[in-house]
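Reading the structure
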Amino acid sequence: MAVSGFIPEIWTARILARLPKVLIFGQAGVVNRDYEGEIAQKGDTVRIGGIGDITIKPYSKNTDIDDPEELDDDMTSLVIDQADYFNFAVDDIDARQAAPNLMDAAMANAAIGMSETADGFLAAKMASEGTPVTSTETEAYDQLVDLGTALTEANIPTTDRFAAVPPWYYGLLLKDDRFVGSGSAASTEVLFNGQVGFAAGFKILQSNSLRADSGGDYPVIAGHPMATSYAEQINKVEAFRPQARFADAVKGLHLYGAKVVRPAALAVLSVSKP
């Protein structure tokens with residue numbers, strides 16, 4: 001790719017297409033994208049739509065029912081407070097000697113890097129703003145059962161639940177006969193990015209973005225996609241010729257933000273590595 005042949009809209013679309021393929025916490029089924037509005041710059045606010053609770057009333061035969069209630073507008077706001085960029089150059093000599101897809105490979109690498117950064121942000125936010133859960137169980141599988149119980153007691157749907165675990169915790173699950181590996185899924189089952197199996201009613205996702213806190217404990221996050229809203233945009237992708245080099249360069253800006261709108265739909269357990 002030379003600067004003369006660069007079309008920003010095409011490259012922006014290609015990056016956006018790659019991001020969902022490598023996101024774990026930012027993928028559909030773990031978060032939702034139920035927002036309205038345009039993202040133009042850091043600090044922008046988008047709206048998350050919703051309605052208030054609907055009153056359920058007892059019905060009596062041959063009795064008039066009440067007038068219909070007006071629905072409350074339960075809108076909330078999500079601030080785009082994160083901004084990351086990439087900026088790389090391919091020397092003219094390297095471009096001539098390398099395969100034609102060198103720039104495309106570099107853009108794919110940039111997309112992976114942006115995904116990892118965004119996933120780290122989302123994992124930390126969900127871990128800190130979800131509902132803390134305690135468990136007296138020592139087995140990983142049994143701890144997941146307690147997380148599931150906490151979600152059920154909070155009236156969270158039992159379908160579409162996920163649990164994100166660090167790699168070492170996944171290793172503990174592998175040693176439990178009750179854990180079902182993803183290779184045993186039915187052919188119609190859609191597997192998530194990072195999904196490694198099923199346990200205790202959860203799709204199990206493995207992620208290195210779950211990092212230890214200052215006390216050495218790791219978060220295990222169980223929840224439902226209704227809990228967290230996420231918005232992102234590749235705001236700008238620009239190609240240019242650096243003044244002091246014989247090279248083609250590309251820079252891009254990734255804007256994003258998230259809001260935990262239903263903390264009860266995220267159950268978070270702090271666990272220590274054996």
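Right above here is the structure, for reference.
Rules behind the numbers
- Residues numbered from 1 in each chain as written.
- Predicted model: local features only at pLDDT ≥ 70, side-chain atom pairs only at ≥ 80, totals over all residues.
- Heavy atoms only, no water.
- Helix = DSSP H or I, 4+ residues; strand = E, 2+ residues; numbered from the N terminus.
- Buried < 20%, exposed > 50% of the residue type's maximum accessible area, 1.4 Å probe, protein only.
- Contact = heavy atoms within 4.5 Å.
- Areas by Shrake-Rupley, 256 points an atom, 1.4 Å probe, with all protein chains shown as cover.
- Pairing = 2+ DSSP bridges.
- Axes fitted to C-alpha atoms, helices over the stretch in contact; angles between N-to-C directions.
- Core = buried A, V, L, I, M, F, W, Y, C linked by side-chain atoms within 4.5 Å.
- Salt bridge = Lys/Arg side-chain N within 4 Å of Asp/Glu carboxyl O.
- Expected span 1.5 Å × (residues − 1).

The subject of this paragraph is the overall build of the chain. Assigned secondary structure in the chain consists of five helices and 13 strands. The proportion of buried residues among the 274 residues of the chain is 40%. Here the analysis covers contacts within the chain between residues at least 6 apart in sequence; of these, 76% occur between residues at least 24 apart. Taken as a whole, the chain presents about 15200 Å² of accessible surface, with 50% of it coming from carbon and sulfur.

Let us look at the sheet that holds strand 12 (residues 247-260). Strand order in the open sheet made by the three strands is 4-12-11, with antiparallel pairing throughout. On the outer flanks of this sheet lie strand 4 (82-91) and strand 11 (228-240), each paired with one strand and no other. Neighbour-to-neighbour, the strand axes of the sheet open up by a mean angle of 15 degrees, direction not taken into account. On the sheet, helix 3 (residues 102-129) packs against strand 4, strand 11 and strand 12 and is oriented at approximately 20 degrees with respect to strand 12.

With that out of the way, let us pick up the nonpolar core. Ile15, Phe25, Leu144, Leu147, Tyr169 and Ile204 are the most contacted members of the largest nonpolar core, which has 60 residues in total. At ten residues, the largest contribution of residues to this core is made by helix 3. Dropping the residues within four chain positions of it, Phe25 is found in contact with Val30, Val31, Asp119, Leu122, Ala123, Met126, Ala164, Ser207, Ser209, Leu210 and Ile221. Val46, Ile48, Ala231 and Leu255 belong to the second-largest nonpolar core, a separate cluster that totals seven residues.

Look at Asp160: it is not a glycine, yet its phi comes out positive at around 65 degrees. On the secondary structure map, Asp160 appears in the loop between helix 4 (140-153) and strand 6 (162-165). Exposure remark for Asp160: the relative accessible area of 54% places this residue in the exposed category. One non-glycine residue, Ala200, lies in the positive phi region at around 55 degrees. Looking at the secondary structure, you find Ala200 in the loop between strand 8 (195-199) and strand 9 (202-206).

The subject of this paragraph is the pattern of salt bridges. Applying the stated criterion to the full structure yields six salt bridges. Of the charged contacts, one joins Asp176 and Arg178 as a salt bridge, the two residues approaching to 2.8 Å between their closest N and O atoms. Exposure remark for Asp176: the relative accessible area of 14% places this residue in the buried category. One salt bridge in this structure joins Glu238 and Lys251, with 3.9 Å as the shortest N-O distance. Here Lys251 lies in strand 12 and Glu238 lies in strand 11, a separation of 13 residues in the sequence. What emerges from the salt-bridge pattern is a single network uniting Asp142, Asp176 and Arg178.

Across the sheet, which stays open at both edges, the seven strands sit in the order 5-13-10-6-9-8-7 with mixed pairing between neighbours. Each having just a single partner strand, strand 5 (131-132) and strand 7 (180-181) make up the two edges of the open sheet. Judged from the seven bridges that link them, strand 10 (residues 217-223) and strand 13 (residues 266-272) form a sheet pairing that is antiparallel. Opposite Ala222, over in strand 13, you have Ala267 as the bridge partner.

We now examine helix 4. Spanning 14 residues, helix 4 covers 20 Å between terminal C-alpha atoms, matching the ideal 20 Å at 1.5 Å per step. All of the buried residues in helix 4 are Ala140, Tyr141, Asp142, Gln143, Leu144, Leu147, Gly148 and Leu151. Buried residues along helix 4 sit against strand 6, helix 5 (167-174), strand 8, strand 9, strand 10 and strand 13. Trailing helix 4 by a residue or two, Asn155 shows a phi angle of about 65 degrees, which is positive.

We now examine the pairing of strand 8. The two faces of the sheet receive side chains in turn, since in a regular strand these alternate between them. Along strand 8, five of the five residues are buried, which leaves the element largely enclosed by surrounding structure. As judged from the two bridges shared by strand 7 and strand 8, these two strands associate in the antiparallel manner. By the bridge assignment, Gly181 is partnered in strand 8 with Gly197. Across four bridges, strand 8 lies against strand 9 in antiparallel orientation. Paired with Ala199 across the two strands is Phe202, which belongs to strand 9. In textbook terms, the turn of a hairpin is the stretch between consecutive antiparallel strands, and for strand 8 and strand 9 this stretch comprises two residues, one of which, Ala200, has a positive phi near 55 degrees.

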